[in-house]
Amino acid sequence: MAGILESLSQMWSGLSGPRKLSLIATTVCSIALLISIIVFSSKPKLSLLYARLAPAEAGKVVDYLQSRGIPFELKDNGTTIMVPATKVYETRLDLAQEGVPRTGDTAGGVGFEIFDEPKFGMSDFMQKANYHRALQGELARTISQLEEVEQARVMIVVPEQRLFSKNKQSSKASVFLKLMPGTFLETRQIQAIRFLVANGVEGLEPSRVTIVDSSGNGLALDQQGETITNLTQSQIVARGRVEDHLREKAQSMLDLVLGPGQSVVRISAELDFDSIEQTSEKYDPDGAVIRSQTLDTENATSETTSSGAAAGIESNQATSEQTSGEVTKTNETKENTKSEFEINRTVETRHRSGGDIKKISVAVFINARKTGEGADAKVVPRTPQELKSLEEIVKNAVGYVNDGQRLDSIQVQETEFNDIFANIPAENAPVGIVAKADQYMPYISQAFLILLAVAVMMYFRNIVRSSYKSEGDGGREFADILERFETLQRQDEEDKARAMAEARTVSLLNVDEMSRIIRDNPNNTGQAIRQWLNNNN
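Residues numbered from 1 in each chain as written. Predicted model: local features only at pLDDT ≥ 70, side-chain atom pairs only at ≥ 80, totals over all residues. Heavy atoms only, no water.

### What about the overall build of the protein chain?
Which entries qualify depends on this criterion: In this text, helices come from DSSP runs of H or I with a minimum length of four residues, and strands from runs of E with a minimum of two, each type numbered from the N-terminal end. Throughout, exposure labels follow a simple rule: accessible area from a 1.4 Å probe, protein chains only, divided by the maximum for the residue type, with under 20% read as buried, over 50% as exposed, and the rest as partly exposed. The contact criterion used throughout is that any non-hydrogen atoms of two residues lie within 4.5 Å. Areas reported here follow the Shrake-Rupley algorithm with a probe of radius 1.4 Å; residue values treat only the protein chains shown as occluding.
Across its full length, the protein chain holds 15 helices and 14 strands. Scored against the burial criterion, the 537 residues of the protein chain give a buried share of 23%. Within the protein chain, contacts between residues at least 6 apart in sequence are counted, and of these 66% link residues at least 24 apart. Accessible area of the protein chain: about 38,200 Å², with a carbon and sulfur share of 53%.

Okay, structure coming up:
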C-alpha cells in the first residue's frame, strides 16, 4: 500500500500546475455528476393518484400515505396527489377499503352509507332528515360524474304532508354546479340534470328544479315564475331556438356564397304564446230539407131548420105544427199540414297552440369586397343590385312576410370587417415528441446525464494523453507510474491470497520451518506469526 501511495505522489508531482488544476476540476465535476445521476435515477417516477380532491379528503389521503411511509407529492394547491407509479393501483385499492376518499361527494356530505350503522332510538324526524341528506349526497355524486362538472351540491325541499290540509305544496330542488375551467353545459345536459333530480325525488317535477353555476348564472330557472320580459324560461328557450334556426338557415347560405366569416346574420323573433280554442256554429237557411210532414183532415156535417114566420113573439111561441119550416144541411172539411225542416248546421272547433311567429327582424352585415393584398388592398363596393339580390335571398331563407297582418323587417348593409388577426403570423402547433415533452422529459434528462458523464470521462482521458505528449519524459514517467500502480495492486492481491493459504497450515509448522518461511516471504511475516500464535494458543 505504501508503494501505491508513493507512486501516486510521484505521479502528482510530475504534473504541471495547470494540469493539476484541470485534473482537480475534472475530478470534482465527475463526482458531482455521478452523484446527480445516482440521485436522479433513484428518484421514483410519480404518477397521478387522485385529482380535484376536496381539502378534507386530501388531508385523509395524506395521513394514510404518511402512516404507510409512501412518498408523495402535492400539486394544484393540494388538490392533486402524486405517488410512485409502482404503487398507484395498490394504494387506490387500500384507500378504497378504508373508504377514502369520497371523490364523488366534493361538497363534503354523505350518501346512503349513513344507514350502514344502525342507530336505535332515532325519531321519525331524524330518519327523514338523514334520508334527505343521503339523497342529496347521492345526487351530487352522480352529477359530479359529468366531465364538465368539478363539484356539485343538491338541496331538496320536500313539504310535509298534512292529513287535513287543502293546499298541497309541491317539492322543489336547487342544484349548484362548479364547472371545469373553460367548459360549459349544453342544453341537453342541463335538461338531463333536471330530469335526473326530478326522478330521484318523490313528487318533484323537472320544471321545479333550479340550476345555478359558480359564476351566478342561472342555467335552468324555475319555470313557474316569469322573467322581466313576462316570459317563462321555457318560452325564452323556445324563442331562442326559433331565432337560432332561422339565423342558421340564412348564415349557412351566405357562407357558401360569400365565404366563411364574410357575413353576420342576427334575427329577433316575436312569438305568440297565446293558446286559443274556438268553436263556431253556422246555419244555412237555403239548404233546408223537410225532415218530417204530418197531414190532418177533419170532415163535419150540420143541419139548420128555418121557421118561415115573421120574427116576433108569435113566431117564438108557436107550436110545432106552426114552426115547421125549411131544413138546411152543411158539410165542412178541414185539412191541417205540419212540416218539420232540417236546417244545414256546421260546427267548427279550432285549437291553436302557442308559438306562432308574430314578427321577425333581420339584420345582415356583409364584409366589404377587396382587391389586392396587404397594404395594396382596396375596397370595391357592391352595387345596389347585388345587395338587393342578397337581401331577397335572405328573405326567402327566413320566410319573410309583409302582408299587412305580419310586418317583418330586414336590413342589409355592407361594411369593412375589423380583422384583428390579420397581422399576426400563424404558428405551427407542436407535433410529435415536442408536443409530448412532459411525457418523455424523464427519459431525455437521464440520457443527457449519461452522455455528459461519458463526455467528462473522455475529457479526463484526453488530459492524460495530452500530458504524455506535451511533457516528454515527464509524461512517460507518468505513464510508467500508472503501470507500476496497477502491477503493485495485482501483486498485493496475490500476496494476500498466498498468505491466507499458508495461514491455514501454519499451526503444523515448527520453529525452524517458520523461520524459513519468514526468510522467503518477508512481506507476510507479521500476518504469519499472528496466525501461528493464535492456532498454538
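### A few points about helix α5 (residues 124-143)
Since the α-helix packs 3.6 residues into each turn, any two residues three or four apart lie on the same face. Applicable threshold: How far a helix is expected to stretch is found by multiplying one less than its residue total by 1.5 Å.
End to end, α5 covers 29 Å across 20 residues, agreeing with the expected 28 Å (1.5 Å per residue, within 8%). Of all the positions in α5, only Asn-130, Ala-134, Leu-135, Gly-137, Leu-139, Ala-140, Arg-141 and Ile-143 are classed as buried.

### Some points on the layout of surface pockets
The test is simple: Definitions used throughout: a 1 Å grid over protein atoms alone; a cavity as a set of points that fits a 1.4 Å probe which cannot get out; a pocket as an open set with protein on both sides within 12 Å along at least five of seven lines; a lining residue as one with an atom within 4 Å of a point. Grid points are joined across faces, edges and corners, and a volume is the space filled by probe spheres set on the points. Here the nonpolar group is Ala, Val, Leu, Ile, Met, Phe, Trp, Tyr, Cys and Pro; Asp, Glu, Lys and Arg are the charged ones; every other residue, Gly included, is treated as polar.
Here the largest pocket defines a volume of roughly 590 Å³. Forming the boundary of the largest pocket are 22 residues, of which Lys-128, His-132, Val-158, Pro-159 and Glu-160 lie nearest the centre. Listed by contribution, the elements that provide at least two residues to the lining of the largest pocket are α5 and β4 (149-157). Looking at which element gives the most residues to the lining of the largest pocket, the answer is α5, with 8 residues. For the lining of the largest pocket, a count of residues per class yields 9 nonpolar, 8 polar and 5 charged.

### Let's talk about the confidence of the model for the protein chain
Low pLDDT marks stretches whose predicted atomic positions should not be read closely. The following threshold applies: pLDDT is a residue-level measure of predictor confidence that goes from 0 to 100.
Overall, the predicted model of the protein chain reaches an average pLDDT of 76, with 68% of residues at or above 70. Put simply, helix α11 (residues 432-435) is where the protein chain has its lowest mean pLDDT, 49, and helix α10 (residues 384-398) is where it has its highest, 92. Below pLDDT 50 for its whole length, residues 104-108 participates in 14 contacts with residues either more than four positions away or in separate chains. Here residues 471-475 is modelled with pLDDT under 50, and outside its nearest four sequence neighbours on either side it reaches 5 contacts, counting other chains as well.

### Let's talk about the nonpolar core
Test applied: Within this scheme, the nonpolar core is defined by two criteria: the residues are buried Ala, Val, Leu, Ile, Met, Phe, Trp, Tyr or Cys, and they are joined through side-chain atoms within 4.5 Å.
Membership of the largest hydrophobic core comes to 22 residues, with the highest contact counts inside it found for Ile-143, Val-175, Leu-177, Ile-193, Val-197 and Ile-211. Core analysis: the next-biggest nonpolar cluster, separate from the first, contains 17 residues, Ala-269, Leu-271, Leu-387 and Val-398 among them.

### A short note on the sheet that holds strand β2 (residues 73-75)
Here is the rule we go by: One bridge is not enough; two strands pair if DSSP finds at least two bridges between them. Axis lines are fitted through C-alpha atoms, for helices just across the contact stretch, and the angle between N-to-C directions can take any value from 0 to 180 degrees.
Read across the sheet, 3 strands follow the order β1-β3-β2 without closing on themselves; strand pairing throughout is antiparallel. Since the sheet does not close on itself, it has two edges, and those belong to β1 (46-50) and β2, each with one partner. Each strand of the sheet is rotated relative to its neighbour by a mean of 40 degrees, with strand direction disregarded. In this structure, β1 lies alongside strand β3 (residues 80-84), joined through 4 bridges in antiparallel fashion. Bridging from a neighbouring strand, Tyr-50 pairs with Ile-81 of β3. Strands β1 and β3 of the sheet are contacted by helix α4 (residues 88-98), whose axis makes an angle of about 20 degrees with β1.

### Regarding the sheet that holds β4
With mixed pairing, the 4 strands of this open sheet are ordered in space as β4-β5-β6-β7. Each edge of the sheet is formed by a strand with only one pairing partner; in this case those strands are β4 and β7 (218-220). Looking at each pair of strands side by side, their axes are set apart by 25 degrees on average, direction ignored. Bridge count between strand β6 (residues 209-213) and β7: 2 bridges; the pairing is antiparallel. For Ile-211, the partnering residue across the bridge sits in β7 and is Ala-220. Sitting on the sheet, α5 is in contact with β4 and β5 (172-179), with an inclination near 150 degrees to β4. Against the sheet, helix α6 (residues 187-200) engages β5, β6 and β7, with an angle of about 130 degrees to β6.

### A word on the side chain of Asp-272
With respect to the helices and strands, the residue Asp-272 is situated in strand β8 (residues 263-272). Overall, Asp-272 belongs to the buried group, its relative accessible area being 17%. In contact with Asp-272, other than residues within four places in its own chain, are Arg-352, Gly-354, Gly-355, Asp-356 and Lys-358.

### A word on the pattern of salt bridges
Note the threshold: For this analysis, a salt bridge means a side-chain nitrogen from Lys or Arg found within 4 Å of a carboxyl oxygen belonging to Asp or Glu.
Taken as a whole, this structure holds 12 salt bridges when the rule is applied. As a salt-bridge pair, Asp-124 and Lys-128 come within 3.6 Å of each other at their nearest N and O atoms. Within this pair, Asp-124 and its partner Lys-128 are both found in helix α5, separated by 4 residues, close to a single helical turn. Arg-369 serves as the salt-bridge partner of Glu-386, at 3.3 Å between the closest nitrogen and oxygen. Taken together, the residues span a long stretch of sequence, with Glu-386 in helix α10 and Arg-369 in the loop between β11 (356-367) and β12 (370-371) at a distance of 17 residues. Taken together, the salt bridges that share partners define one network made up of Lys-388, Glu-391, Glu-392 and Lys-395.

### Structural notes on the packing of aromatic side chains
The line we're drawing: Pairing of aromatic rings covers Phe, Tyr and Trp, the last counted by its six-membered ring, and requires centre-to-centre distances within 6.5 Å; plane angles under 30 degrees mean stacked, over 60 mean edge-to-face, and any other angle means tilted. Here, over-ring charges are defined by two tests on the NZ atom of lysine or the CZ atom of arginine: distance to the ring centre within 6 Å, and angle to the ring normal within 35 degrees.
Under the criterion given, the structure shown has 0 aromatic pairs. Lys-395 extends its terminal NZ or CZ atom over the ring of Tyr-400, reaching a point 4.7 Å from the ring centre.

### What about the pairing of β3?
With 5 of 5 residues buried, β3 is to be regarded as a mostly interior element. Where β2 meets β3, 3 bridges bridge the pair, whose relative direction is antiparallel. Across the sheet, residue Glu-73 finds its bridge partner in β3, namely Met-82. Linking two consecutive strands that pair antiparallel, namely β2 and β3, is a turn of 4 residues; a positive phi of about 55 degrees is found at Asp-76 within it.

### Digging into the packing of α5 against α6
Packed helix pairs are characterised by how far apart their axes lie and by the angle those axes make with each other. For the record, the criterion: Here the word oblique covers every angle except those under 35 degrees (roughly parallel), over 145 (roughly antiparallel) and from 65 to 115 (roughly perpendicular). Take the far helix as your reference; a near helix turned counterclockwise from it by less than a right angle gives a left-handed crossing, and one turned clockwise gives a right-handed crossing.
Their axes nearest at 11 Å, the elements α5 and α6 cross at an angle of 155 degrees. Considering their axes alone, α5 and α6 lie roughly antiparallel with respect to each other. Our pair here, α5 against α6, has a crossing hand that is right-handed. In contact with Leu-135, Leu-139, Thr-142 and Ile-143 of α5, α6 contributes Ile-193, Leu-196, Val-197 and Gly-200. Here the residues of the contact of α5 with α6 sort into 6 nonpolar, 2 polar and no charged.

### A short note on α10
Going by this rule: Working note: the arc is built from the helix axis to C-beta atom directions.
Helix length check: α10, at 15 residues, gives a terminal C-alpha distance of 21 Å against a target of 21 Å (1.5 Å per residue), a fit within 8%. For α10, the full list of buried residues reads Leu-387, Leu-390, Glu-391, Val-394, Lys-395, Ala-397 and Val-398. The arc that holds every buried residue of α10, seen down its axis, measures 165 degrees, which confines them to one face. Within α10, the exposed residues directed more than 90 degrees away from the buried face are Gln-385 and Asn-396. Two residues or fewer past α10, Gly-399 is found with a positive phi of approximately 75 degrees.

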